[in-house]
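This is what each chain is made of:
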Amino acid sequence: MATETKDSVLGKKELKLLTDPIDDNNPVTVQILGVCSALAVTSQVYPALIMAVGVTLVTAFSNLVTSMLRKTIPSSIRMIIQLLIVAALVQVVEMLLGAFAYSAYEMLSVFVGLIITNCIVMGRLEAYAMANKPWQSFLDGIGNGLGYGFILIIMAVIREITGKGSFMGWKVLPEWYVPNNLMVLPCASLFLIGVIIWIQRGRNRKLIDVS
Amino acid sequence: MQKDLKIYLYVLVMTGVTALVLSFLYNVLDPIQAKNKEDAKKKSILSALADGGKDLNFDKNVKVVVLDAQGKVKFEQKEDSKQEDTDKLFVELNKRGEGVKYSKLIDIDLSLEEKFPQEQRVYPVYVVERNKVKTTIVVVRGNGLWDKIWGYISLDNKDGKWAVTGVNFEHKAETPGLGAEIKDSKDFKDQFKGKQIYDNDGKYVSVTVVKAPKNKDWEVKSISGATVTSVGVSEMMIRGISYYLPYLESMSPKAVSSK
């Protein structure tokens, strides 16, 4: 489909690939993908930020590699090959974190490995990278990673401030504020996502009745 | 047949290439990660000190003592300790198998010692010396709600009585805001400061975590909403420090008999 139109490095279509997933086609709030990690790693801003970067890297590069190989991958084993690419990239991200951002690596622990099960990654590979050119796929990966990260960070900021009275580990609310423990529990992120979806649909008329 | 062959070859080549890339990166990045891990552990140990030990240099200020399962000194690091002395210890410890390979004193860790039966384990003690004052840091390890928890307990001997000067707890996967508070909450950790591990009759009591502390000498308040983790900390404090008692008592014979 998209391959037939003319390409440019960063034309209108390419920009749309980057911005679309942030609002109109957000992977978390519109496609409802990657929710599990959005529940798990958003109790503080810093790990959410690192997770967003990790997922963005993995979606971007797995899209890129898959798209480059898309014409050679035998269709009967394409899922296995996609998994192999994603698993390798996740491993690379994990090793990079361990070497250069150790405290984040410790905080995220098991969730880095779980990027591999993040539905956004496989979803984009199947839906986009298998049918589009490498550069466009790469941008699509970055866009979806950003869209995911955007929601993650909104949630993490709200949860850390209300749940711990701090932002990036710094105390920002005065002493008299009693941190609301409920906000750091996974269930809080569930209703927070609900509220975000509600606000987004109230604001963005295009999203109403699509599902 | 031809088509199958292509598929097999494709998978083989892809796996081969991925394996090569990953093993290359592993070789480059693993030493850096190992160093990070070691530094994090040293920092964590020193954090057990009352003032956080930020001004200390682990390699200079800390001497490691290794105890056997009976709490007797097996190895003591001294100013003039040579590589051969530690090597001898490592040969003996590595002989136990289970894939445990120590090459530095800081490598000795209860997470690895757990693999062995109780009577084969060794326990590290970190003796911090500054301005001629010695503080003993012991390691405890137990179970939280989701996974392992562990902690470094710094102990001071005042007039023959062992008292806690500070603690630092770590956990693998406790719930943020609840169980994870054993690590994150300064208030929780500060409660341990000044607590005694022997009662007035010289009986070992350790420091226990309870809902409503009655005895302010050796009881601290648990974290509400994190009962399992709190009970885990309590159990860990009782059992964990008990391994070190023979050593602590040998350092201060008066501890038991003192009123």
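Draft legend 1. Examining the packing of helix H3 (residues 45-69) of chain A against helix H8 (residues 134-164) of chain A more closely. Residues and elements named next belong to chain A. At their nearest, the axes of H3 and H8 sit 8 Å apart, and the two run at 165° to each other. In terms of their interaxial angle, H3 and H8 are classed as roughly antiparallel. Every pair of crossing elements has a handedness; the one defined by H3 and H8 is right-handed. The class makeup of the residues in the contact of H3 with H8 is 19 nonpolar, eight polar and two charged.

Draft legend 2. Looking closely at the interface of chain A and chain B. Contacts between the two partners involve 24 residues from chain A, matched on the other side by 21 residues from chain B. Around 2,100 Å² of area is buried between chain A and chain B when both sides are counted, 72% of it from carbon and sulfur atoms. Contact with chain B buries area across many residues of chain A, yet Leu84, Met95 and Tyr102 of chain A alone supply 26% of it, more than any other trio. Here chain A and chain B share one salt bridge between them. Lys164 of chain A serves as the salt-bridge partner of Asp184 of chain B, at 3.8 Å between the closest nitrogen and oxygen.

Draft legend 3. A look at the nonpolar core. Formed by 61 residues in total, the largest nonpolar core has its most connected members in Ile153, Phe169, Phe192 and Ile197 of chain B. Excluding anything up to four places from it in sequence, Ile153 of chain B contacts Ala48, Thr136, Ile137, Val138, Val140, Val164, Gly166, Val167, Phe169, Met237 and Ile241 of chain B.

Draft legend 4. View of the packing of aromatic side chains. One pass over the structure, following the stated rule, counts ten aromatic pairs over all chains. With 5.7 Å between their ring centres and 35° between their planes, Tyr102 of chain A and Tyr105 of chain A make a pair best called tilted. Of this pair, Tyr102 of chain A and Tyr105 of chain A are both found in helix H5 (residues 102-108), three residues apart, which corresponds to roughly one turn of the helix. We classify Tyr102 of chain A as buried; its relative accessible area is 12%. Ring geometry for Tyr123 of chain B and Tyr244 of chain B: centres 5.8 Å apart, planes at 70°, overall edge-to-face. Of the two residues, Tyr123 of chain B sits in strand E3 (residues 123-130) while Tyr244 of chain B sits in the loop between helix H7 (227-242) and helix H8 (245-251), which places them 121 residues apart along the sequence. Take Tyr244 of chain B: its relative accessible area is 0%, and that puts it in the buried class. A cation over an aromatic ring shows up here: Arg96 of chain B above the ring of Phe116 of chain B, its NZ or CZ 4.0 Å from the ring centre.

Draft legend 5. Region of interest: a negative patch on the surface. Taken together, Asp80, Glu84, Asp85 and Asp87 of chain B make up a surface patch of like negative charges. Position of Asp85 of chain B among the secondary structure elements: in helix H3 (residues 83-94).

Draft legend 6. Examining unusual backbone geometry more closely. All names here are of chain B. Even without being glycine, Glu98 reaches a positive phi, approximately 60°. With respect to the secondary-structure elements, Glu98 resides in the loop between H3 and helix H4 (110-113). Backbone geometry places Ser206, a non-glycine residue, at a positive phi of 60°. Relative to the elements of secondary structure, Ser206 occurs in the loop between helix H6 (186-190) and strand E7 (208-210).

Draft legend 7. Representation of a nonpolar patch on the surface within the structure. A cluster of nonpolar side chains, contributed by Met1, Leu5, Tyr8, Leu9, Leu12, Val13, Val17 and Val21 of chain B, occupies part of the molecular surface with about 880 Å² of accessible area. When you line up the elements, Leu9 of chain B lands in helix H1 (residues 2-46).

Draft legend 8. Summary view of the sheet that holds strand E6 (residues 161-171) of chain B. Residues and elements named next belong to chain B. Spatial ordering of the open sheet is given by E2-E1-E3-E4-E5-E6, a layout of six strands whose pairing is antiparallel. Taken across any chain shown, the strands that pair with only one partner, and hence form the sheet edges, are strand E2 (73-76) and E6. Across the sheet, the mean angle from the axis of one strand to that of its neighbour is 25°, orientation sign disregarded. As paired elements, strand E1 (residues 62-67) and E2 share three bridges and run antiparallel to each other. Across the sheet, the residue bridging to Leu67 is Val73, located in E2. Contacting strand E4 (133-143), strand E5 (148-158) and E6, H7 crosses the sheet at an angle of about 125° to E4.

Thresholds applied
Residues numbered from 1 in each chain as written. Chains lettered and ligands numbered in written order. Predicted model: local features only at pLDDT ≥ 70, side-chain atom pairs only at ≥ 80, totals over all residues. Heavy atoms only, no water. Axes fitted to C-alpha atoms, helices over the stretch in contact; angles between N-to-C directions. Helix = DSSP H or I, 4+ residues; strand = E, 2+ residues; numbered from the N terminus. Parallel < 35°, antiparallel > 145°, perpendicular 65-115°, else oblique. Left-handed = near helix turned anticlockwise from the far one by under 90°. Nonpolar A, V, L, I, M, F, W, Y, C, P; charged D, E, K, R; others polar. Contact = heavy atoms within 4.5 Å. Buried area = accessible area lost by both parts, 1.4 Å probe. Salt bridge = Lys/Arg side-chain N within 4 Å of Asp/Glu carboxyl O. Core = buried A, V, L, I, M, F, W, Y, C linked by side-chain atoms within 4.5 Å. Buried < 20%, exposed > 50% of the residue type's maximum accessible area, 1.4 Å probe, protein only. Phe/Tyr/Trp six-rings, centres within 6.5 Å; stacked < 30°, edge-to-face > 60°. Lys NZ or Arg CZ within 6 Å of the ring centre and 35° of its normal. Patch = residues over 30% accessible without salt bridge, like charges linked within 9 Å, V, L, I, M, F, W, Y side chains within 5 Å. Areas by Shrake-Rupley, 256 points an atom, 1.4 Å probe, with all protein chains shown as cover. Lys, Arg positive; Asp, Glu negative; His and termini not counted. Charge placed at Lys NZ, Arg CZ, Asp CG, Glu CD. Pairing = 2+ DSSP bridges.

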